[in-house]
Amino acid sequence: MKRGGFPPPVFIGEFMQTYEKEQLFSTPFIRWYNRAYLENGGVYLDLTLAGFSAVITGELRVKYRVSEPVYGAWVVDEKQEKVYLEGEGELSFAVEKPTFLTFYKLTEQKDGRIQIVSVAGEFSPLPAPKKELITFYGDSITCAYGVEGEPTAQYEKETQNPLIGFAYTLCKRRNAEHDIFSYSGISVSEKIWVPEYTLGELCFGYSMYNRAPFRPARESDIVVVNIGTNDGCAILENQGTAEGLTKGLTDYCRELRRRHPASVMVLGYGFMDKVPAQAEAVTRVAEILKEESAAPVYAFAFPRDTQGANGHPSWKAQVQGGNLLADFLENIL
C-alpha cells in the first residue's frame, strides 16, 4: 500500500476480463459516465460528456487513443481545463491533496471517439453518486454545437463545449448525474441531414459505434427531449411535412415513455426553431402523452437564439436555457 492508506496505481486493463463488452461499470475508485463501455482492451468514451471521475492525490496519468482529433476537459470545482487529444498519448493532472477530479469528452460522437487504455494514480474512495439522474435526447443543440463560435462562422470542433450547454447547466443546478445521447443533424422523421439514421434508430444503444442495447443501471428521474429543429429544416427544404414531424415525434416519444415509464418528461423546443410546425408538434405530442400516461409530461420553450457558430445558440443562450428549465422544474416538482 502507498502512503496514507491509498491503494497502488490502478490500470483499467486489469479489469478487462471481468466485464462484458457492453456493460457500463465503475470500480471502487473510478466512476464512469454517459454510456462508457469496455471493448478491445479499453474503455470507450463516444458520447458528448462521456468521461470519468476519481478522487486523487498527486498525479493522475491517463493513456489514450483517439480515432481522430477530439477535445476533452479536466474539471475541478466547476473550473475546466480544455485539452486536445490526437493519435495516441498520455494525459496527466496533478494535485497536492485529495481532489475530486473529472475528465469529460467535449467533442460529439460523430466527430471522433476516445479509447482510454489505462488510468494510474493514487486514489481515495469516491463520494456517493448524486441522487438524481437526468437523461437527455437531442441533436446539435444538446451537443452544444458552436456555442463558443461567432454567428457568421462555420462550425469547428473547438467551438463545441457542452460544459456551457443547457444540459450540463441544468444538471449543475439540480445537482444531478447526466446521461446525454445527442447527435448533430439528427431528426425523428426525415433523414435529411443524417441520411443513415433517425434518432430513434440510434439512441437506445451505447453510441453510433456500439449499437448494442443500452440498459441503464438506474431509472432516470427526468427525461429531457430537445428534438425537431432538423425536421423543421426538412420542412423548409420541402423534404418533410408538419404531419411527418408530428407523427415522427409522437412515435419516438411513445417509445421513450415505454422505456422511461415513471420519469418526468420535458419536451423542449424553441432554441433555433424555424417553422411554427415545430412548436405545434411538440405541444401536441405533450398533450397526447399526458392522455396516455400517468407520469408527468411538459412542453417547454427555450429562448430563441442563433448567435453561436453556424446559426446555433450561443453559450449565453444555452446557459440561460438551462437555468430557465431548472426554474421551471423547481416550480412543478
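The rules behind these values
- Residues numbered from 1 in each chain as written.
- Predicted model: local features only at pLDDT ≥ 70, side-chain atom pairs only at ≥ 80, totals over all residues.
- Heavy atoms only, no water.
- Helix = DSSP H or I, 4+ residues; strand = E, 2+ residues; numbered from the N terminus.
- Buried < 20%, exposed > 50% of the residue type's maximum accessible area, 1.4 Å probe, protein only.
- Contact = heavy atoms within 4.5 Å.
- Core = buried A, V, L, I, M, F, W, Y, C linked by side-chain atoms within 4.5 Å.
- Pairing = 2+ DSSP bridges.
- Salt bridge = Lys/Arg side-chain N within 4 Å of Asp/Glu carboxyl O.
- Phe/Tyr/Trp six-rings, centres within 6.5 Å; stacked < 30°, edge-to-face > 60°.
- Lys NZ or Arg CZ within 6 Å of the ring centre and 35° of its normal.
- Disulfide = S-S within 2.5 Å.

### A few points about the overall build of the protein
Each helix and strand in the protein was counted, giving five helices and 13 strands. Dimensions of the protein, computed from C-alpha atoms along their principal axes, come out at roughly 65 × 45 × 35 Å. Burial status across the protein gives 59% buried among its 333 residues. A separation threshold of at least 6 residues defines the contact pool for the protein, and within that pool the share at least 24 residues apart is 74%.

### A short note on the nonpolar core
Core analysis: the largest hydrophobic core is formed by 32 residues, its most contacted members being Tyr-137, Ile-186, Leu-199, Tyr-252 and Leu-267. When residues of this core are traced back to their parent elements, those giving at least two are β11 (222–226), α3 (242–259), β12 (264–269) and α4 (276–292). Looking at this core, the element that brings in the most residues is α4, giving six residues. Among all residues touching Tyr-252, those that are not within four sequence positions of it are Tyr-137, Val-188, Leu-199, Gly-200, Cys-203, Phe-204 and Val-225.

### Quick look at the pairing of strand β3 (residues 42–45)
Covered by surrounding structure in β3 are Gly-42 and Tyr-44 together with Val-43 and Leu-45, the residues of both alternating faces. As paired elements, strand β2 (residues 37–39) and β3 share three bridges and run antiparallel to each other. Bridging across to β3, Leu-38 finds its partner in Val-43. Between β2 and β3, which follow one another and run antiparallel, lie two residues, and Asn-40 among them has a positive phi close to 55 degrees. Note: β3 against strand β8 (residues 114–124), three bridges, orientation antiparallel. Note on β8: the bridge partner recorded for Tyr-44 is Gln-115.

### Some thoughts on the pattern of salt bridges
Tallied over the full model, the rule gives 15 salt bridges. Of the charged contacts in the structure, one is a salt bridge between Arg-113 and Asp-46, with a shortest N-O distance of 3.2 Å. On the criterion of sequence distance, the pair formed by Arg-113 in the loop between β7 (88–105) and β8 and Asp-46 in the loop between β3 and β4 (51–66) is long-range, its members being 67 residues apart. When sorted by exposure, Arg-113 lands in the same class as Asp-46, which is buried. Asp-327 serves as the salt-bridge partner of Arg-173, at 2.7 Å between the closest nitrogen and oxygen. Of the two residues, Arg-173 sits in helix α1 (residues 166–174) while Asp-327 sits in helix α5 (residues 315–332), which places them 154 residues apart along the sequence. By relative accessible area, which is 33% here, Arg-173 ends up partly exposed.

### Quick look at the packing of aromatic side chains
Enumeration according to the criterion identifies 22 aromatic pairs in this entry. Ring centres 5.6 Å apart and planes at 70 degrees place the aromatic pair Tyr-37 and Tyr-206 in the edge-to-face group. One end of the pair, Tyr-37, is in strand β2; the other, Tyr-206, is in the loop between β10 (176–182) and β11, with 169 residues separating them in the sequence. Neither residue differs from the other here; Tyr-37 and Tyr-206 are each classed as buried. Note on Phe-300 and Phe-302: the rings are 5.1 Å apart at their centroids and 80 degrees apart in plane angle, and the pair reads as edge-to-face. A relative accessible area of 7% means that Phe-300 is categorised as buried. Classification of Phe-302 by relative accessible area gives buried; the value is 5%. The ring of Tyr-209 carries Arg-113 above its face, with NZ or CZ at 4.4 Å from the centroid.

### Comments concerning the environment of Phe-136
Examined against the element boundaries, Phe-136 turns out to sit in strand β9 (residues 132–138). Sequence-distant contacts of Phe-136, that is, excluding residues within four places in its chain, are made with Thr-142, Phe-166, Ala-167, Leu-170, Cys-171, Asp-179, Ile-180, Phe-181 and Val-224.

### Structural notes on the state of the cysteines
Across all of its chains, the model carries zero disulfides by this definition. A disulfide-free cysteine, Cys-253 has its sulfur positioned 10 Å from the sulfur of Cys-203, the nearest such atom.

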